Amino acid sequence: MFTKYLASFLLLFVTTLTFSQDNLYTSLTIPDNLTQNANAVVRKHSVDITLKSSSQMQVVEKRIITVLNKQGNENIDAYVFYDNNKRIANLQVLVFDAYGKQIKKFKKKDFKDESAVSGGTLYSDSRVKYLDYTPINYPYTIEFICETVNSNTAFIQSFYPVNDYYLSVENSIYNITFPDGMTIRTKEKNFNDFNLQKTAQNNIISFKVEGIEAFKPEDFSPAFSVMAPRVLVASNQFSLEGVETEVENWNDFGKWLYDDLIKDTHDLPAETITEIQNLVKNETTDIEKAKKIYQYVQNKVRYISVQVGIGGWKPFNVSEVDQLGYGDCKALTNYTMALLNAVGVKSHYTVVYARGSQRSIEKDFAAMQGNHVILNIPQENKEDIWLECTSQKLPFGFIGDFTDDRDVLVVTPEGGKIKHTKKYEEEESIQTIKGVCSISNEGAIKVKVNVVSKGIQYDDKYWLETETSRDLDTHYKKRWKYINGLSIETMSINNDKENIAFIEDVSFKATNYSKIIGNRMLLPINVLNRNTNIPDRYRSRKLPLEIKRGFKDIDEVEIKLPTDYKIESKPKNVLIQNKYGSYKTELIVKDESTLIFKREFIVKDGNFPKEDYSAFRDFYKEVSKQDNAKIALIKK
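Below: a short report on this structure. The structure presented is a predicted model; accordingly, all values stated were derived computationally and were not measured. (Residues numbered from 1 in each chain as written. Predicted model: local features only at pLDDT ≥ 70, side-chain atom pairs only at ≥ 80, totals over all residues. Heavy atoms only, no water.)

## Regarding the overall build of the protein chain
Spelled out, the test is: Starting at the N terminus, helices and strands are each numbered in turn, a helix being any DSSP run of H or I of at least four residues and a strand any DSSP run of E of at least two. To sort residues, take the accessible area from a 1.4 Å probe on protein chains only and compare it with the maximum for the residue type: under 20% means buried, over 50% means exposed, and anything in between is partly exposed. Contacts were defined at the residue level, with two residues in contact if any of their heavy atoms lie within 4.5 Å. The protein chains shown are the only cover counted for residues, whose accessible areas, like all others here, come from Shrake-Rupley with a 1.4 Å probe. Neither His nor the chain ends contribute to the count of charged residues, in which Lys and Arg are positive and Asp and Glu negative. Lys charges are placed at NZ, Arg charges at CZ, Asp charges at CG and Glu charges at CD.
Regarding its fold elements, the protein chain presents 12 helices and 38 strands. Here the C-alpha coordinates of the protein chain stretch approximately 100 × 90 × 40 Å along the principal axes. Taken over 636 residues, the protein chain has a buried fraction of 50%. Look at the contacts in the protein chain between residues 6 or more apart in sequence, and 71% of them connect residues 24 or more apart. As displayed, the protein chain offers around 30700 Å² of accessible surface, 47% of which is attributable to carbon and sulfur atoms. Here the protein chain contributes 85 positive and 86 negative side-chain charges, whose respective centroids are spaced 6 Å apart.

## Topic: the packing of helix α5 (residues 270-279) against helix α6 (residues 286-300)
What counts, and what does not: Orientation is described by axes fitted as lines to C-alpha atoms, over the contacting stretch for helices, and by angles from 0 to 180 degrees between their N-to-C directions. Angles below 35 degrees are treated as roughly parallel, those above 145 as roughly antiparallel, those between 65 and 115 as roughly perpendicular, and all remaining angles as oblique. Helix crossings get a hand from a simple test, with the near helix turned counterclockwise from the far one by less than a right angle marking a left-handed crossing and a clockwise turn marking a right-handed one. Each residue gets one label: Ala, Val, Leu, Ile, Met, Phe, Trp, Tyr, Cys and Pro are nonpolar, Asp, Glu, Lys and Arg are charged, and the others, such as Gly, are polar.
Following both chains from N to C, one finds α5 and α6 inclined at 130°, their axes separated by 10 Å at the closest point. Relative to α6, the element α5 lies oblique. Considering only the axes of α5 and α6, their crossing is right-handed. Contacts between α5 and α6 pair Thr-272, Glu-275, Ile-276 and Leu-279 from the former with Lys-292, Ile-293 and Tyr-296 from the latter. Tallied by class, residues from the contact of α5 with α6 come to 4 nonpolar, 1 polar and 2 charged.

## A look at the side chain of Lys-552
Within the secondary structure, Lys-552 sits in strand β32 (residues 551-560). With a relative accessible area of 12%, Lys-552 lands in the buried category. In this structure Lys-552 touches Glu-426, Glu-427, Ser-429, Ile-430, Gln-431, Gln-457, Glu-600, Phe-601 and Ile-602, once residues within four positions along its chain are discounted.

## A short note on the environment of Asn-73
Note that Asn-73 resides in the loop between β2 (56-67) and β3 (79-82). Asn-73 gets classed as partly exposed once you look at its relative accessible area, which sits at 24%. For the pair Asn-73 and Cys-146, spaced 73 residues apart in sequence, the C-alpha separation works out to 19 Å. Once residues lying within four places of it in the same chain are set aside, the contact partners of Asn-73 are Val-67, Pro-135, Tyr-138 and Tyr-140.

## Description of the pattern of salt bridges
Between side chains of opposite charge, a pair can form as their charged atoms come close. Condition: Throughout this description, the term salt bridge denotes a Lys or Arg side-chain nitrogen within 4 Å of a carboxyl oxygen of Asp or Glu.
On inspection of all chains with the given rule, the structure shows 37 salt bridges. Across the pair Asp-328 and Lys-330 runs a salt bridge whose closest N-O atoms are separated by 2.5 Å. On the basis of relative accessibility, which here comes to 7%, the residue Lys-330 falls in the buried class. Across the pair Lys-423 and Asp-605 runs a salt bridge, and its minimum N-O distance is 3.1 Å.

## Some remarks on α6
Which entries qualify depends on this criterion: Helix span, expected: 1.5 Å multiplied by one less than the number of residues in the helix.
In this model α6 runs 21 Å from its N-terminal to its C-terminal C-alpha over 15 residues, within 8% of the 21 Å that 1.5 Å per residue would give. Next to the buried residues of α6 lie α5, α7 (318-324), α8 (329-342), β21 (372-377) and β22 (385-387).

## Some points on the side chain of Ser-27
By secondary structure assignment, the location of Ser-27 is in the loop between α1 (2-18) and α2 (32-35). Residue Ser-27 is classed as buried on the basis of its relative accessible area of 16%. Contact partners of Ser-27, with chain neighbours within four places excluded, come to Arg-43, Thr-66, Ala-98 and Pro-139.

## Section: the sheet that holds β3
Which entries qualify depends on this criterion: At least two DSSP bridges between two strands are required for those strands to pair.
If you walk across this open sheet you meet the 3 strands as β3-β8-β6, and the pairing is antiparallel. Among the strands making up the open sheet, the edge pair consists of β3 and β6 (112-115). Each neighbouring strand pair of the sheet contributes to a mean axis angle of 20°, computed without reference to strand direction.

## So, the packing of aromatic side chains
As a reminder, the rule being used: Here is the rule: rings of Phe, Tyr and Trp (six-membered ring for Trp) pair when centre to centre is within 6.5 Å. Planes less than 30 degrees apart are stacked, more than 60 are edge-to-face, and the remainder are tilted. Two conditions define a charge located above a ring, namely a distance within 6 Å from the ring centre to NZ of Lys or CZ of Arg, and an angle within 35 degrees of the ring normal.
What the rule picks out here adds up to 35 aromatic pairs. Ring centres of Phe-220 and Tyr-620 lie 6.1 Å apart, and the angle between their planes is 50°; on these two criteria the pair is classed as tilted. Placement of Phe-220 in the loop between β13 (204-212) and α3 (224-227) and of Tyr-620 in helix α12 (residues 613-627) is noted, with a sequence separation of 400 residues between them. Note on Phe-220: relative accessible area 26%, which makes it partly exposed. We classify Tyr-620 as buried; its relative accessible area is 5%. Seen in terms of ring centroids, Tyr-458 and Tyr-462 are 5.7 Å apart; in terms of plane orientation they differ by 10°. Their pairing is stacked. Using a relative accessible area of 0% as the deciding quantity, one classes Tyr-458 as buried. In textbook terms, an aromatic cluster arises when at least three aromatic residues are bridged by ring pairs, as seen for Phe-220, Tyr-538, Phe-551, Tyr-580, Tyr-583, Phe-601, Phe-608, Tyr-613, Phe-616, Phe-619 and Tyr-620. Above the plane of the ring of Tyr-424 lies Lys-422, whose end atom (NZ or CZ) is 5.4 Å from the centre. When the ring centre of Trp-480 is taken as origin, the NZ or CZ atom of Arg-479, which lies over that ring, is 5.6 Å away.

## Some thoughts on the environment of Gly-327
Relative to the assigned elements, Gly-327 resides in strand β19 (residues 326-327). In this structure the C-alpha to C-alpha distance between Gly-327 and Lys-590, which are 263 residues apart in sequence, comes to 58 Å. With sequence-adjacent residues up to four places away left out, Gly-327 is seen in contact with Arg-302, Tyr-303, Ile-304 and Leu-332.

## As for the sheet that holds strand β36 (residues 594-603)
Across the sheet, 8 strands lie side by side as β27-β28-β26-β25-β32-β36-β35-β34; this open sheet has mixed pairing. Two strands bound the open sheet, and with one partner strand each, they are β27 (487-496) and β34 (574-578). Here the strands of the sheet are splayed against their neighbours by 10° on average, with no regard to which way each runs. With 9 bridges joining them, strand β25 (residues 430-439) and strand β26 (residues 445-453) adopt antiparallel strand pairing. Looking across to β26, one finds that Ile-439 is bridged to Ile-445. In the packing of helix α11 (residues 469-479) onto the sheet, the strands contacted are β26, β27 and β28 (501-510), and the crossing angle to β27 comes to about 105°.

## Side note on the environment of Met-337
In this fold, Met-337 is placed in helix α8. Excluding residues within four positions of it along the chain, Met-337 makes contact with Ile-262, His-266, Ser-347, His-348, Tyr-349 and Leu-375.

## Topic: α12
Taking 1.5 Å per residue, 15 residues should reach 21 Å; α12 reaches 21 Å between its end C-alpha atoms and fits that length. Tucked into the core, α12 has its buried residues touching β31 (545-547), β32, β34, β35 (581-591) and β36.

## Some points on the packing of α6 against α8
Closest axis-to-axis distance for the α6/α8 pair is 10 Å, and the angle between their directions is 140°. With respect to α8, the axis of α6 lies oblique. Considering only the axes of α6 and α8, their crossing is right-handed. Across the interface between the two elements, Ala-290, Ile-293, Tyr-296, Val-297 and Lys-300 of α6 pack against Tyr-335, Thr-336, Leu-339 and Leu-340 of α8. Split by residue class, the contact of α6 with α8 holds 7 nonpolar, 1 polar and 1 charged.

Structure follows, in structure tokens:
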């Protein structure tokens, strides 16, 4: 009997030990709050960085992650980049089943190896090793272990405990060790809701955070990269491809970029200088000269990615771009700058975070930042001009939502400066619609419409210029998808680059536009610009409200009523005003057979607390409701 009880006790003890909170390889020990809204859970993630000098860095990374479902496979992150300066010393992955039993082991040779850049890249020395693993069952756990040695110390990995939505973190640790004589700077961001533990002693700085619940995406919220917790890390002394420097602020950083990476690349051939000077000899202002040179660059060169040089940061010599006719963002921006310089027009190479998130360079933290380069032309007592030098389509001075409204690093011979790129206000991002609609006695509709778009609304449409007729037909049917049976008759597009205006003239028809009930006809009054987008509803909003870009729509549409009908009732004029924008409509009876419908819809950009989201959503709901208002006609 005693033996029986002892065996039961030992079984219970072993089971308790196996599934204790210290066992990170089984999904059974994950705290309940970390599985909510999560596709995967980082059980433990440690990053140990050792700077042995300003030109040697060792990084040891260990990550245990439990994948709960198929979507969580994207969070495995079992990959490592390497190049001629970064060597992989150790790489392996262990796979465990739901109960913590090891079922697979992968060594360095089992990882796939390929170029780390897209097929649009001409050539590159950057490669990536990654694990291609297809699980049999869920959940499962992966332990990823990687050690690298790098002679480049310019890019020190940040402490970034959570890097995606639907991912929770149980435990994340970051340590950086550095020798005497090196100065390490850090900047903590977005840890207000988390208990960040920091220690700094004996040339070691450590950070630790626990229990980060999964973020769930929400409409009209800041970009994840902007709001996620992060500690930025940089060394004042660093090396990039054997070029050593010491910087403390953005002025120092910009001076280093210009002196060591840019200045010696300006070797335009004499014949090109003569050609450019002849090109602009009749122009009397710097702006007119710049316009001609920008068009010259657009006609002469094309963009192609090049990921070599000093860490991908040093542009090719302008003589090479001039000869070859292609280059990446660095090369084409630098080339344009050299051409402008040849005719006495000042411009500056500018580092930026590109994409629609409007991410800014950290103005108070000088370090390797940004993922793109544009050109700045300073203006006395005027707004600076910004040029996207990789595009063969964009008008002069237009950057759109790719690089608008964000802090950037402007590199000058005197040093670096933080500036803010062009912001497109709602009054600039305007769409004007003028149309004529005819309604038949059978409820069919014929429409002629002129649409003029500027600012960010130009950015939304200019690409239509190169679409095929078939694709345009599809686009317009999608734009007016609320009109059943729509048939496009004519389409005409004019991309006015001089005035940065996109002009569309379209005519279409549709049967059964109006609904006929007995001797009455219900006619939807807003034919051409209905708001069909109602933001999602959240029972408990977690994230703040951000309206990234404002806009203004102005519509004026003449509606010719069917000859057999007269007006029985019509909607009242509407006026809505709040801090998010405004909406107003006016219906004018021009004569017994003609109505004029006027509409103005303005949305303002801004940042608001999460408590404002419900009222903002109600604003959009009311706009959508009013946009679906109908006029009642009755037979004469």
